[in-house]
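The primary structure of each chain is shown beneath.
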Amino acid sequence: MGKKICWAIIFLTVALNVVMLQWAIESYLGHEFEKLYQFSIVALLSSFIALIAFLKWRRLEYSQ
Amino acid sequence: MKDNNRKSKRNQTGSNDELVNLVNNVNRKEDLDLNRRAFLKATAGASVALGLATIPFSVHAMIGDFEDKENRVGIVKLSELPKGSSITFNYPTDHDPALLVHTKSGELKAYNSACTHLMCPVFYEKEEEVLLCPCHKGYFELNNGQPLAGPPQRELPLIETEVTNGIVYAVDRRYRHG
Ligand code: FES
């Protein structure tokens with residue numbers, strides 16, 4: 001997995017998380033808690049993926 | 001010869017010579033802070049932060065007391081609310097403003113009146129039989145509370161009503177009754 005892919009993954013997770021946060025707030029205000037939990041879980045997963053991609057990128061970037 | 005790899009005086013930092021401005025990197029700090037690596041770090045951080053930001057809502061939903069319990073509240077005598085008029089009340093608590101409308105066709109419609117955009121109170125527009133939020137011109141369908149035009153995206157919470165002995169009661173509230 002190259003550095004470019006790590007970049008791409010991180011940007012995708014940002015996009016996904018923005019949408020998830022928006023939807024989570026919408027469903028919180030609409031008292032649709034089932035959906036809220038689902039969005040929350042997706043958002044946490046994608047945060048985790050972002051973190052992994054970042055660590056991977058860091059390893060590649062700072063190794064000679 | 002021996003001075004070859006030493007900077008001549010006018011090129012040293014703090015020199016009064018104008019040339020120093022051409023060889024010294026005055027934006028060195030910015031260049032170090034705003035580079036590609038720092039950008040990716042900030043982006044990754046933002047992604048994680050956005051993801052974590054959904055947690056408080058879930059936590060509040062889990063521990064919060066959102067049970068819309070059976071809760072009967074008298075609103076008004078039906079005879080005091082002629083067709084084509086409306087009255088405000090609070091339901092289920094004193095902090096939830098609501099609007100009861102007696103439509104021209106004789107139906108009773110009640111909604112929480114806080115606009116689903118930014119919580120301005122909505123009004124009954126008698127001529128066109130719609131609910132109007134004056135703040136940003138949000139329109140809601142009178143019959144089902146769905147947003148018609150303007151910024152609101154969600155319907156108004158519906159309040160179910162019942163008429164007993166000529167008195168209108170609010171009995172329950174439903175979110176997302178689409
Ligand atoms: S608050 Fe109602 S339209 Fe903005």
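Right, let's walk through the structure included here. Please read these numbers as outputs of a predicted model, since none were measured by experiment. Counting restarts for each chain: residues are numbered from 1 in the order of the written sequence. To label them, take the chains in the order written and letter them from A, then take the ligands in the order written and number them from 1. Residue-level local features of this predicted model are given only where pLDDT is at least 70; pairs of side-chain atoms are given and counted only at 80 or more, and the full residue set underlies all totals for whole chains, interfaces and linings. Only hydrogens and water are set aside when side-chain values are computed; all heavy atoms of the structure are taken into account.

### A short note on helix H2 (residues 33–62) of chain A
Note: α-helices contain 3.6 residues per turn, so residues at a spacing of three or four share the same orientation.
Next up, step 1: Given a rise of 1.5 Å per residue, 30 residues ought to cover 44 Å, and the 43 Å separating the end C-alpha atoms of H2 of chain A matches this to within 8%.
Next up, step 2: When H2 of chain A is considered as a whole, its buried residues turn out to be Phe33, Leu36, Phe39, Ser40, Ala43, Ser46, Ser47, Ala50, Ala53, Phe54, Trp57 and Glu61 of chain A.
Next up, step 3: If you follow the buried residues of H2 of chain A, they end up packed against helix H1 (3–29) of chain A together with helix H3 (36–52) and helix H4 (55–63) of chain B. Numbering of helices and strands starts at the N terminus; helices are DSSP runs of H or I of at least 4 residues and strands are runs of E of at least 2. Given the number of residues in a helix, its expected span is that number minus one, multiplied by 1.5 Å. Only protein chains enter the accessibility calculation, which uses a 1.4 Å probe; a residue whose area is less than 20% of its type maximum is buried, one above 50% is exposed, and one in between is partly exposed. Only heavy atoms enter the contact rule, under which two residues are in contact if any of them lie within 4.5 Å.

### Re the interface of chain B and chain A
Next up, step 1: Listed per partner, the contact involves 25 residues of chain B and 30 residues of chain A.
Next up, step 2: Buried area: the sum, over both parts, of the accessible surface (1.4 Å probe) that disappears when the two are put together. The contact between chain B and chain A buries some 2800 Å² in all, and 71% of this surface belongs to carbon and sulfur atoms.
Next up, step 3: It is Arg37, Leu40 and Phe57 of chain B that lose the most area in chain B upon contact with chain A, and together they represent 22% of the buried surface on that side.
Next up, step 4: Should a side-chain nitrogen of Lys or Arg be within 4 Å of a carboxyl oxygen of Asp or Glu, the pair is scored as a salt bridge. Summed over the shared surface of chain B and chain A, the number is two salt bridges.
Next up, step 5: Note that Arg154 of chain B is salt-bridged to Glu26 of chain A, the shortest N-O span being 3.0 Å.
Next up, step 6: Polar contacts, as used here, are pairs of N or O atoms within 3.5 Å; protein pairs need one atom able to donate a hydrogen and one able to accept it. Residues neighboring in sequence count only if both atoms are side-chain atoms. Seen at the junction of chain B and chain A, the total is eight residue pairs in polar contact (both at pLDDT 80 or more).
Next up, step 7: Secondary-structure elements contributing two or more residues to the side of chain B that touches chain A are H3 and H4 of chain B.
Next up, step 8: Take the side of chain B that touches chain A: its biggest share by element is twelve residues, from H3 of chain B.

### A look at the state of the cysteines
All names here are of chain B.
Next up, step 1: Disulfides are defined as cysteine sulfur pairs within 2.5 Å. According to the stated counting rule, one finds one disulfide over all chains in the structure shown.
Next up, step 2: Put simply, Cys120 and Cys135 are joined by a disulfide, and their sulfur atoms are 1.9 Å apart. Judged by the sign of its S-S torsion, about -95°, the cystine formed by Cys120 and Cys135 is left-handed. Pair noted here: Cys120 is in the loop between strand S4 (108–112) and strand S5 (123–125) and Cys135 is in the loop between strand S6 (130–133) and strand S7 (138–141), with a separation of 15 residues, a long-range link.

Keep in mind that these numbers describe shape and distance, not what the molecule does.
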